Amino acid sequence: MSDHKTSYRQIVKSTSLFGGVQVFTIIITIIRTKFIAILLGPAGIGIVGLLNSTISFISALTNFGLERSAVKNIALSNAQNDKGKISLTVSILRKLVWITGIFGALISIIFSSSISELTFGNKDYSSAFVWLSITLLVNQISIGQTVVLRGMQKLRFMAKSSLWGSLLGLIVSVPIYYFWGLDGIVPAIIISSLFALFISFHYSSKVGINTINPNNDEFYQEGRDMLKMGLILSLSSLIVLAESYLVRIYIRQTGSIEDVGFYNAGFAIVNTYFGVIFVALTTDYYPKLAAIANDFKKSTLLMNQQSEMTILLIAPILVVFLTFIKPIVIILYSKEFLPINEMILWAALGIYFKAASWALGVIFISKGDVKTLFLSELSATLIMLILNLAGYKYLGLEGLGISFFLAFIFAYIQTFTIVKFKYSFSYSIQFYKIYFIHLTLGIMSFFVMRYVSNPINYYLGIIIILISLAYSLKLLEKRTGFLTFIINKFYKNE
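Just so you know, these numbers come straight off a predicted model, no measurement behind them.

Draft legend 1. Quick peek at the packing of helix α12 (residues 296-323) against helix α16 (residues 429-451). Two elements in contact, α12 and α16, have axes whose closest approach is 10 Å; the angle formed by their N-to-C orientations is 10°. With respect to α16, the axis of α12 lies roughly parallel. Facing α12, whose interface residues are Asn304, Ser307, Glu308, Ile311, Leu312, Ala315, Pro316, Val319, Leu322 and Thr323, α16 presents Gln430, Phe431, Ile434, Tyr435, His438, Gly442, Ser445, Phe446 and Met449. Its residues assigned to classes, the contact of α12 with α16 shows 11 nonpolar, 7 polar and 1 charged.

Draft legend 2. Representation of the packing of helix α14 (residues 341-366) against helix α15 (residues 370-423). Put simply, α14 and α15 touch, their axes get as near as 9 Å, and they point 15° apart. As judged from the angle between their axes, α14 and α15 are roughly parallel. Crossing handedness for the pair α14 and α15: left-handed. Taken together, the residues that form the contact of α14 with α15 break down as 26 nonpolar, 7 polar and 3 charged.

Draft legend 3. Fine view of a nonpolar patch on the surface. Taken together, Ile27, Ile31, Phe35, Ile38, Leu39, Tyr178, Phe179 and Trp180 make up a surface patch of nonpolar side chains, about 850 Å² in accessible area. If you list the elements that add at least two residues to the nonpolar patch, you get α1 (3-62) and α7 (155-180). Counting residues per element, the nonpolar patch draws most heavily on α1, at 5 residues. Position of Phe179 relative to the elements: it lies in helix α7.

Draft legend 4. Examining the packing of aromatic side chains more closely. This structure, assessed with the given rule, holds 22 aromatic pairs. Taking 5.5 Å as the distance between ring centres and 20° as the angle between the ring planes, the aromatic pair formed by Phe431 and Tyr435 counts as stacked. Taken together, the residues span about one helical turn, with Phe431 and Tyr435 both in helix α16 at a distance of 4 residues. Over the aromatic face of Phe421 sits the side chain of Lys420, whose NZ or CZ is 6.0 Å from the ring centroid.

Draft legend 5. Fine view of the pattern of salt bridges. Applying the stated rule across the entire model yields 1 salt bridge. The closest approach of N and O atoms between Arg450 and Glu398, which form a salt bridge, is 2.5 Å. Taken together, the positions of Arg450 in helix α16 and Glu398 in helix α15 put the pair 52 residues apart, joining distant regions of the chain. We classify Glu398 as partly exposed; its relative accessible area is 25%.

Draft legend 6. View of helix α13 (residues 325-332). Taken together, the buried positions of α13 are Ile325, Ile328, Val329 and Leu332. Down the axis, α13 shows its buried residues gathered within 100° of arc, on one side only.

Thresholds applied
- Residues numbered from 1 in each chain as written.
- Predicted model: local features only at pLDDT ≥ 70, side-chain atom pairs only at ≥ 80, totals over all residues.
- Heavy atoms only, no water.
- Axes fitted to C-alpha atoms, helices over the stretch in contact; angles between N-to-C directions.
- Helix = DSSP H or I, 4+ residues; strand = E, 2+ residues; numbered from the N terminus.
- Parallel < 35°, antiparallel > 145°, perpendicular 65-115°, else oblique.
- Contact = heavy atoms within 4.5 Å.
- Nonpolar A, V, L, I, M, F, W, Y, C, P; charged D, E, K, R; others polar.
- Left-handed = near helix turned anticlockwise from the far one by under 90°.
- Patch = residues over 30% accessible without salt bridge, like charges linked within 9 Å, V, L, I, M, F, W, Y side chains within 5 Å.
- Areas by Shrake-Rupley, 256 points an atom, 1.4 Å probe, with all protein chains shown as cover.
- Salt bridge = Lys/Arg side-chain N within 4 Å of Asp/Glu carboxyl O.
- Phe/Tyr/Trp six-rings, centres within 6.5 Å; stacked < 30°, edge-to-face > 60°.
- Lys NZ or Arg CZ within 6 Å of the ring centre and 35° of its normal.
- Buried < 20%, exposed > 50% of the residue type's maximum accessible area, 1.4 Å probe, protein only.
- Arc of directions from axis to C-beta.

Encoded structure:
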């Protein structure tokens, strides 16, 4: 088997492993969201979204980006099979997550009244943010466990941890929402985070890394490097979360809490559900690229392979979303949420550009080029913020979808330009062909669902889905031979 086919197959193998679990995670998230939509309505989803986005914002402000910076350090040590360095890095990381977690919790407690005033326009949720300080600490400790699994490329443990954490969160949160209603939102968030911590600790302990007690010089030197890189990464994450947070506040002030709920529902489909697909696609990709980032030929080849596989795997899913968006919204939420249809149509079309941008952007952190990463995300986020505010002001919910679409195009053009000229990256001819064909199919699906009457639009949409799926399967078979492998395995088992 050629090295290229082996590499493609490894991408599919890691993606299918973690991606398969992510499918179940998405299903669990859908079920939980469905219950919230039924039990609490759009207003309840709006409150949940505002609380979670605020906690995420505080976390990004106080966690120093350790969830990303430490992965690079552990991955490099793991690639060199330096067990001593791995133990040192992990031991320091586990101390740092406690320090940063406590810092985040204190910020939430001390400024609870101000945070409530800013988020909800009153101080009614001050006590909620005091209680949610527990979640800030717990989530940061969980991140410390997950980083170890990712850096050591223990994908099976990561997958199981994600699945069981989500499942237990569902089991405990739904009864709380049923019996307590809106008053159960904060307890459900806290208890879910505690279960996630327990699960992540269980699987992290299976890695078998010896914990050591670093001296002050080691802690200062290694910890400083992680915090220095992580600080920029934290600022990068912070501006993204701040943009989403400000948009929610703007919608609440100029629209209603129900519109915040609609925005959260659409945002969840566009960013959360597709986001876990991106996580599945890059879980193995980032540590690998970090290990070879300074080798131009190897990194360029891997980036092209990942870009191709990302489009081949995600494009058929996008066409399905574009075609069946109306029933999908009803299944995920309820008929009350049908006003977000047009928003999601535009945003889903933009995912074609977000996917391509995502595959390239990983090189910034892999090379430790956090300055470029920060500046690129800052400009992309500012454009997103301006477009979102203008889109909602003039075109309502559909305007938000259009703004997502335009912002994703801008982010992709910017990322490609930087990577091309700074790192001399170039796409293969194969990628251009794959991308053009799938993007064309996506645009066709968009216009069919937008302008063709029912039920003809569904007939045409299904045809486009079959073409997209057949094209992806054909190229996946050519690159990995996975269909032949499955068929041979099937006949072997008979």
